[in-house]
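# Summary of structural features
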Amino acid sequence: MGSQTGAALQKHSLLWFIVAVSQCVSVLGCGPHYEYRIEEFCLAKFRLDMQELDQRHWCSWEDTVELYGELTNCTYLVALKMECFWPNRLVDEFFIRIHKHYFHDCSMSGRLLRDPPNRILGPFIVVPILVTLLMTALVVWRSKRSEGIV
């Protein structure tokens, strides 16, 4: 009974080893060729599209969502054609490089950070100042008026 369990365990271990090696070979086989293809086909087009877009709009999700989607789909289609897994480590590293180059100054929400217009910002500044001055005047007026009443 013990030898049958040991043999079954060896077969099970061998099966897992073969599956792991085949996965590693598949991913490693895609390495330099896959990386070259996505840079040649996908990144080249993305660079041209981003150059056409004004650099001030790079952080605007509305302006870049379509370009970013095309880039993502391109990396997927190249992986599919080359029979690579997607997403994989190379794709992750590729997109990290993209983000470091094009989107490093952007906020996490993807919106451009800027001050609101003066018509909105003005009341938020003026109202507290006026309330502070009014309350100070009221306190001074009440303190002078109550001096005579003791």
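Counting from 1, residues in each chain are numbered in the order their sequence is written. pLDDT decides what is reported in this predicted model: residues at 70 or higher carry local features, side-chain atom pairs at 80 or more are listed and counted, and totals for whole chains, interfaces and linings draw on all residues regardless. The side-chain numbers reported here are obtained from all heavy atoms of the structure, hydrogens and water having been left aside.

- Looking at an unreviewed UniProt entry, one finds the chain named Receptor activity-modifying protein 1 and attributed to Dicentrarchus labrax.
- UniProt's Subunit (unreviewed entry) comment on the chain is quoted here verbatim: "Heterodimer of CALCRL and RAMP1; the interaction induces allosteric modulation of CALCRL function and CGRP1/CALCA and CGRP2/CALCB ligand specificity. Heterodimer of CALCR and RAMP1; interaction forms the AMYR1 receptor complex for amylin/IAPP and CGRP1/CALCA ligands."
- In its Sequence similarities (unreviewed entry) section, the UniProt record describing the chain reads: "Belongs to the RAMP family." UniProt positions are given in the numbering used here, feature names are shortened, and annotations may be inferred rather than shown by experiment.

### Points about the pattern of salt bridges
- The term salt bridge refers to a pairing of a side-chain nitrogen on Lys or Arg with a carboxyl oxygen on Asp or Glu at a separation within 4 Å. By the definition in use, this model includes six salt bridges.
- For Glu35, the salt bridge identified is with Arg97, shortest N-O distance 3.9 Å. Of the two residues, Glu35 is situated in helix H1 (residues 2-52) and Arg97 in helix H3 (residues 89-102); the sequence distance between them amounts to 62 residues.
- Taking the relative accessible area as the measure of exposure, Glu35 reaches 27% and is therefore partly exposed. Secondary structure elements are defined from DSSP: runs of H or I of at least 4 residues count as helices, runs of E of at least 2 residues count as strands, and each element is numbered from the N terminus. Exposure is judged per residue with a 1.4 Å probe applied to protein chains only, and the accessible area is read against the type maximum: over 50% gives exposed, under 20% gives buried, and values in between give partly exposed.

### Points about the UniProt feature "transmembrane region" (unreviewed entry) in the chain
- Under the present numbering, the feature "transmembrane region" (unreviewed entry) in UniProt falls on residues 12-34 and 120-141.
- Taken end to end, residues 120-141 comprises 100% helix and 0% strand; its first and last C-alpha atoms sit 33 Å apart.

### Considering the state of the cysteines
- Cysteine sulfur atoms that come within 2.5 Å of each other are treated as a disulfide pair. A complete count under the given rule lists two disulfides for this structure.
- Across the disulfide from Cys59 sits Cys106; the S-S distance is 2.0 Å. Between Cys59 and Cys106, the S-S torsion sits near -85°, and that sign places the bridge as left-handed. Taken together, the residues span a long stretch of sequence, with Cys59 in the loop between H1 and helix H2 (61-81) and Cys106 in the loop between H3 and helix H4 (118-145) at a distance of 47 residues.

### What to know about the confidence of the model for the chain
- Within a predicted model, pLDDT stands for the predictor's per-residue confidence, ranging from 0 to 100. When pLDDT is averaged across the chain, the result is 79; 73% of the residues are at 70 or more.
- Residue contacts follow a heavy-atom distance rule, with two residues in contact if any of their heavy atoms lie within 4.5 Å. In the predicted structure, residues 14-27 sits below a pLDDT of 50 and forms four contacts with residues beyond four places in sequence or in another chain.

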